[in-house]
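One-letter residues, chain by chain:
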Amino acid sequence: MRTIEEQMSFYAAYHQDGRNKATHFIGVPAIMLSLFIPLSWIRFEIGLGITITAAMLFAAVVLAYYFMLDIPLALAMFVVTCALVWGGQQIADLGAVQGWIWFAILFVGGWVLQLVGHVFEGRKPALADNLFQIFVAPIFLAAEVFFALGYKPRLHAAMRERALRLRAGA
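Remember, it's a predicted structure, so these values are computed and weren't measured experimentally.

1. Focus on the pairing of strand E1 (residues 43-47)
And step 1. Strand direction decides the pairing type here: E1 and strand E2 (residues 50-53), joined by four bridges, are antiparallel. Pairing of Gly47 across the sheet is with Ile50, part of E2.

Right, here's the structure in full:
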């Protein structure tokens, strides 16, 4: 498994423009929320009145990956992901018609925003070269917030240096 620095450096090489990053701060959570809507309709009763949804299971798998990469960033993503899973459940509870409308608006809107960001960047999305980058995007955005607040300066410096080398080699 690649380290957090390796994963984020590859992603960062495609995300240097501030406008591109800004579109991702809206588009990535919108897409995440959209996916949690239909996944909330798939439910498993595990007894004692406890229900688990596919949204919860999917979130747990992705969060487990994040915890293997970096615990503080994973904790931040835990909070964000829980809020998005909850929001997805609230929308799913509105019913299928409303749920699918919200899914379409959030999913398509999120992707359009990100593609506009890549026009600013002048570079294709990272997932065009590595589909797994779709899972790196959320934790990358959490790291960007950490960096802006002065946390994890070593990771930030190493990631930027490696991203610039990767970008120069492209």
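2. Overview of unusual backbone geometry
And step 1. One non-glycine residue with positive phi stands out, namely Leu48, at about 55°.
And step 2. Tracing the chain through its elements places Leu48 in the loop between E1 and E2.
And step 3. Even without glycine at this site, Lys152 takes up a positive phi of about 60°.
And step 4. You can see Lys152 is positioned in the loop between helix H6 (133-148) and helix H7 (153-169).
And step 5. With relative accessibility at 25%, the residue Lys152 sits in the partly exposed group.

3. Digging into the pairing of E2
And step 1. Because side chains alternate across E2, one face comprises the buried residues Thr51 and Thr53, and the other comprises Ile50 and Ile52, none of which is buried.
And step 2. In this structure, the hairpin formed by E1 and E2 is closed by a connection of two residues, where Leu48 is found at a positive phi of approximately 55°.

4. What to know about the pattern of salt bridges
And step 1. In this structure the tally under the stated criterion is seven salt bridges.
And step 2. One salt bridge connects Asp70 with Lys152, and the closest N-O pair in it is separated by 2.9 Å. Of this pair, Asp70 sits in the loop between helix H3 (54-69) and helix H4 (71-92) while Lys152 sits in the loop between H6 and H7, placing them 82 residues apart in sequence.
And step 3. Of the residues examined, Asp70 reaches a relative accessible area of 11% and is grouped as buried.

5. Overview of the nonpolar core
And step 1. With 42 residues, the main nonpolar core has Ile4, Met8, Phe36, Tyr66, Leu73, Met77 and Phe140 as its most contacted residues.
And step 2. Of all the secondary structure elements, the ones that give two or more residues to this core are helix H1 (4-12), helix H2 (18-40), H3, H4, helix H5 (96-121), H6 and H7.
And step 3. Looking at this core element by element, the count peaks at nine residues for H6.
And step 4. Residues contacting Ile4, with those up to four places away along its chain left out, are Leu69, Asp70, Leu73, Ile139 and Leu155.

6. Looking at the packing of H2 against H3
And step 1. Where H2 meets H3, the closest approach of the two axes is 7 Å, and the angle between their N-to-C directions is 130°. By the criterion of interaxial angle, the relationship of H2 to H3 is oblique. When H2 is examined against H3, the residues Phe36, Leu39 and Ser40 are found in contact with a partner set consisting of Ala54, Ala55, Phe58 and Ala59.
And step 2. For the contact of H2 with H3, a count of residues per class yields six nonpolar, one polar and no charged.

7. A short note on the side chain of Gln7
And step 1. Among the secondary structure elements, Gln7 is positioned in helix H1.
And step 2. In this structure the side chain of Gln7 is engaged in a polar contact, spanning 3.4 Å, whose partner is the side chain of Gln133.

8. Digging into the layout of surface pockets
And step 1. Considering only enclosed or pocket space, the largest pocket measures out at about 430 Å³ in volume.
And step 2. Along the wall of the largest pocket there are 27 residues; nearest its centre are Ile31, Met32, Ile134, Phe135 and Pro138.
And step 3. Where the lining of the largest pocket is concerned, the elements lending two or more residues are H2, H3, H5 and H6.
And step 4. No other element matches the six residues that H2 contributes to the lining of the largest pocket.
And step 5. Partitioned by chemical class, the residues of the lining of the largest pocket number 21 nonpolar, six polar and no charged.
And step 6. Its volume calculated, the second largest pocket comes out at about 160 Å³.
And step 7. For the second largest pocket, the full set of lining residues is Phe25, Val28, Pro29, Met32, Ala76, Met77, Val80, Pro138, Leu141, Ala142, Val145 and Phe146.
And step 8. Residue classes in the lining of the second largest pocket are distributed as twelve nonpolar, no polar and no charged.

Quick notes on the rules
Residues numbered from 1 in each chain as written. Predicted model: local features only at pLDDT ≥ 70, side-chain atom pairs only at ≥ 80, totals over all residues. Heavy atoms only, no water. Pairing = 2+ DSSP bridges. Helix = DSSP H or I, 4+ residues; strand = E, 2+ residues; numbered from the N terminus. Buried < 20%, exposed > 50% of the residue type's maximum accessible area, 1.4 Å probe, protein only. Salt bridge = Lys/Arg side-chain N within 4 Å of Asp/Glu carboxyl O. Core = buried A, V, L, I, M, F, W, Y, C linked by side-chain atoms within 4.5 Å. Contact = heavy atoms within 4.5 Å. Axes fitted to C-alpha atoms, helices over the stretch in contact; angles between N-to-C directions. Parallel < 35°, antiparallel > 145°, perpendicular 65-115°, else oblique. Nonpolar A, V, L, I, M, F, W, Y, C, P; charged D, E, K, R; others polar. Polar contact = N/O pair within 3.5 Å; in protein donor to acceptor, adjacent residues only side chain to side chain. 1 Å grid on protein atoms, 1.4 Å probe; cavity = no way out; pocket = protein on both sides within 12 Å on 5 of 7 lines; lining within 4 Å. Points joined across faces, edges and corners; volume = space filled by probe spheres on them.

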